[in-house]
Amino acid sequence: MDDGAGVSNLERRYRALLRVLPRWYRADREEEMTGIFLAGRTDELDLEHGWPGWGETWAVLGLAVRTHLAAGAALTSAPAGVRWLGEIVRALGLIGLFVGVFEAGASVRSVFDESGPLAFSAQGAGGYLFNVLPVVAFAALLAGKRTAAKVAAGVAALPGVLMMPFAGLLVLFQLPGLVTFACLCLGFHREAPTPPAGRLAWWGGAALLLGLAAGAWPGTALLVVAVVAVRVFALVRGDFVLGRAVSVFALLELGPVVLLLLSGTVVEIAVVLVVLLVVSVVAPVRRPQFS
Amino acid sequence: MSEQAFLVLTALAEEPLHGYAIVQAVEQLSEGRVELRVGTLYGVLDRLVADGLAERDREEVHQGRLRRYYKLTDSGVRALQAEVARLSANVRAASAVLRGRGVQAWTTGRA
């Protein structure tokens, strides 16, 4: 419909804005949406010099997130081949929360144990408070309070953001938290499916108890072993989404473990953990045959 | 159900509408309070269609532009009916509480 002739600058700008939407969505909706954009803007000067408003731009960006991470409503019209992307983001967000809950348990344990994880991650005493926030985020998500979950995860990730300019490589310890926050914001939007609260609550409780049972260093080792176990489970089960999400998470955990290795305290164990994580990252995932 | 979805369903309850007409109807129904952005409108429409509450109707070309109409399904009518009943019950309860305090249940909001 758009041959370029007789097309106003405003229409060009709207069409450029719509390019943030996935191709499959645009193919179906671009003409229809452009018609609505322009229906209320008929002034010649506006058509020549006008731009899409901030409100419209923001709404289209929101729609772009929902359609790129196809879920819920968007899922019905999304091509099968792209449906997994949103699922992976949500799975990664949940994995990050599980690990956050695990670390919260370890953090509480470290109050009673001086060799706790905070000693290694160089956080101050206030870090204890930040470390238990993932439990709040996890509980809020399961209760359907998505905004509260994002706020809690965002506050938990805040020290990582603030220390970025000064922390150098230590910022790698905060990376999983930052990615978890991003995944929660992007993946758990209004149209995204609700996570199964009953089943996840049990796993969350188990992660908390595991963290309480573990110390700092054994806790890191336990975490890596858990990552490998879930990665093997995903491979055997042919779960593409879980496998890919765990691979990305293993990559995020690689940084802190490599730093642990470089610190030279427990070199042999750190080497084993690095190898396990690298294998988890590069291990194959069986991609499903989409219809 | 979000207020936006409720208003879109209400707009479609009268007759099948195209996107721009839905935006205008929602603005009118909400007395100018809710201004649907196009990105928001399609988020709501996608959700309603996915939930089986609305569906695509006919398409036509108006002044060289594609117009796609949407209409309410039977499920959409039932969902709207249920939401109206729920909101009405809330209004009745709140009105009773306000009357108990000797306060008028609602005002026009205009001087």
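Residues numbered from 1 in each chain as written. Chains lettered and ligands numbered in written order. Predicted model: local features only at pLDDT ≥ 70, side-chain atom pairs only at ≥ 80, totals over all residues. Heavy atoms only, no water.

- Per an unreviewed UniProt entry, chain B goes by Transcriptional regulator PadR-like family protein and derives from Lentzea fradiae.

1. Some points on the interface of chain B and chain A
- Taken residue by residue, the interface counts 20 residues in chain B and 27 residues in chain A.
- The largest contributions to the chain B side of the interface with chain A come from Val 38, Tyr 42 and Arg 65 of chain B, which together make up 28% of the buried area.
- Inspection of the region where chain B meets chain A yields 5 salt bridges.
- Residues Arg 68 of chain B and Asp 28 of chain A are paired through a salt bridge, measuring 3.5 Å at the closest nitrogen-oxygen approach.
- Grouping the constituent residues of the side of chain B that touches chain A by class yields 8 nonpolar, 6 polar and 6 charged. (Contact = heavy atoms within 4.5 Å. Buried area = accessible area lost by both parts, 1.4 Å probe. Salt bridge = Lys/Arg side-chain N within 4 Å of Asp/Glu carboxyl O. Nonpolar A, V, L, I, M, F, W, Y, C, P; charged D, E, K, R; others polar.)

2. Side note on the UniProt feature "transmembrane region" (unreviewed entry) in chain A
Residue and element names in this part refer to chain A.
- Residues given the UniProt feature "transmembrane region" (unreviewed entry) here are residues 88-108, 128-144, 156-189, 201-234, 241-263 and 269-285.
- Secondary structure across residues 241-263 comprises 100% helix and 0% strand; the distance between its end C-alpha atoms is 34 Å.
- Here residues 269-285 is 82% helix and 0% strand, with 27 Å between the C-alpha atoms at its ends. (UniProt positions renumbered as here; feature names shortened; annotations may be inferred. Helix = DSSP H or I, 4+ residues; strand = E, 2+ residues; numbered from the N terminus.)

3. Digging into unusual backbone geometry
Residues and elements named next belong to chain B.
- Here Glu 31, not a glycine, exhibits a phi torsion of approximately 55 degrees, which is positive.
- In this fold, Glu 31 is placed in the loop between helix H2 (19-29) and helix H3 (38-50).
- Taking the relative accessible area as the measure of exposure, Glu 31 reaches 68% and is therefore exposed. (Buried < 20%, exposed > 50% of the residue type's maximum accessible area, 1.4 Å probe, protein only.)

4. Concerning the nonpolar core
Residues and elements named next belong to chain A.
- If you look at the biggest cluster of nonpolar residues, it comprises 47 residues, and the most contacted ones within it are Ile 95, Phe 138, Leu 141, Phe 249 and Leu 277.
- Broken down by secondary-structure element, the contributors of at least two residues to this core are helix H5 (83-111), helix H7 (127-142), helix H8 (146-167), helix H9 (175-187), helix H10 (197-213), helix H11 (216-237), helix H12 (240-263) and helix H13 (267-282).
- With 12 residues, the top contributor of residues to this core is H5.
- What Leu 141 contacts, discounting residues up to four positions off in sequence, is Leu 94, Leu 97, Arg 146, Ala 149, Leu 184, Phe 188 and Pro 195.
- Among the nonpolar cores identified, the runner-up in size contains 42 residues, and Leu 17, Leu 18, Trp 24 and Val 60 belong to it. (Core = buried A, V, L, I, M, F, W, Y, C linked by side-chain atoms within 4.5 Å.)

5. Section: helix H4 (residues 54-68) of chain A
- Compared with the 21 Å implied by 1.5 Å per residue over 15 residues, the 21 Å span of H4 of chain A between its first and last C-alpha is a close match.
- Within the sequence span of H4 of chain A, burial applies to Glu 56, Thr 57, Ala 59, Val 60, Leu 63, Ala 64, Arg 66 and Thr 67 of chain A.
- In this structure, the buried side of H4 of chain A is in contact with helix H1 (9-18) and helix H2 (23-39) of chain A together with H3 of chain B. (Expected span 1.5 Å × (residues − 1).)

6. Brief notes about the pattern of salt bridges
- Within the structure shown, the criterion is met by 21 salt bridges over all chains.
- Here Arg 15 of chain A and Glu 30 of chain A are joined by a salt bridge, their closest N and O atoms 3.0 Å apart. Taken as a pair, Arg 15 of chain A in helix H1 and Glu 30 of chain A in helix H2 lie far apart in primary sequence, 15 residues in all.
- With its nearest N and O atoms 3.0 Å apart, the salt bridge here joins Glu 87 of chain A to Arg 90 of chain A. Of this pair, Glu 87 of chain A and Arg 90 of chain A both sit in helix H5, 3 residues apart, which is roughly one turn of the helix.
- Through salt bridges with shared partners, one network takes in Asp 28, Arg 29 and Glu 32 of chain A together with Asp 46, Arg 56, Glu 59 and Arg 68 of chain B.

7. A few points about the pairing of strand S3 (residues 65-72) of chain B
All names here are of chain B.
- Pairing between strand S1 (residues 17-18) and S3: 2 bridges, direction antiparallel. Note that in S3 the partner of Leu 17 across the bridge is Tyr 70.
- Alignment of strand S2 (residues 54-62) against S3, held across 7 bridges, turns out to be antiparallel. The partner of Glu 55 across the bridge, within S3, is Lys 71.
- As consecutive antiparallel partners, S2 and S3 are separated by 2 residues, and within that stretch Gln 63 has a phi angle of approximately 50 degrees, a positive value. (Pairing = 2+ DSSP bridges.)

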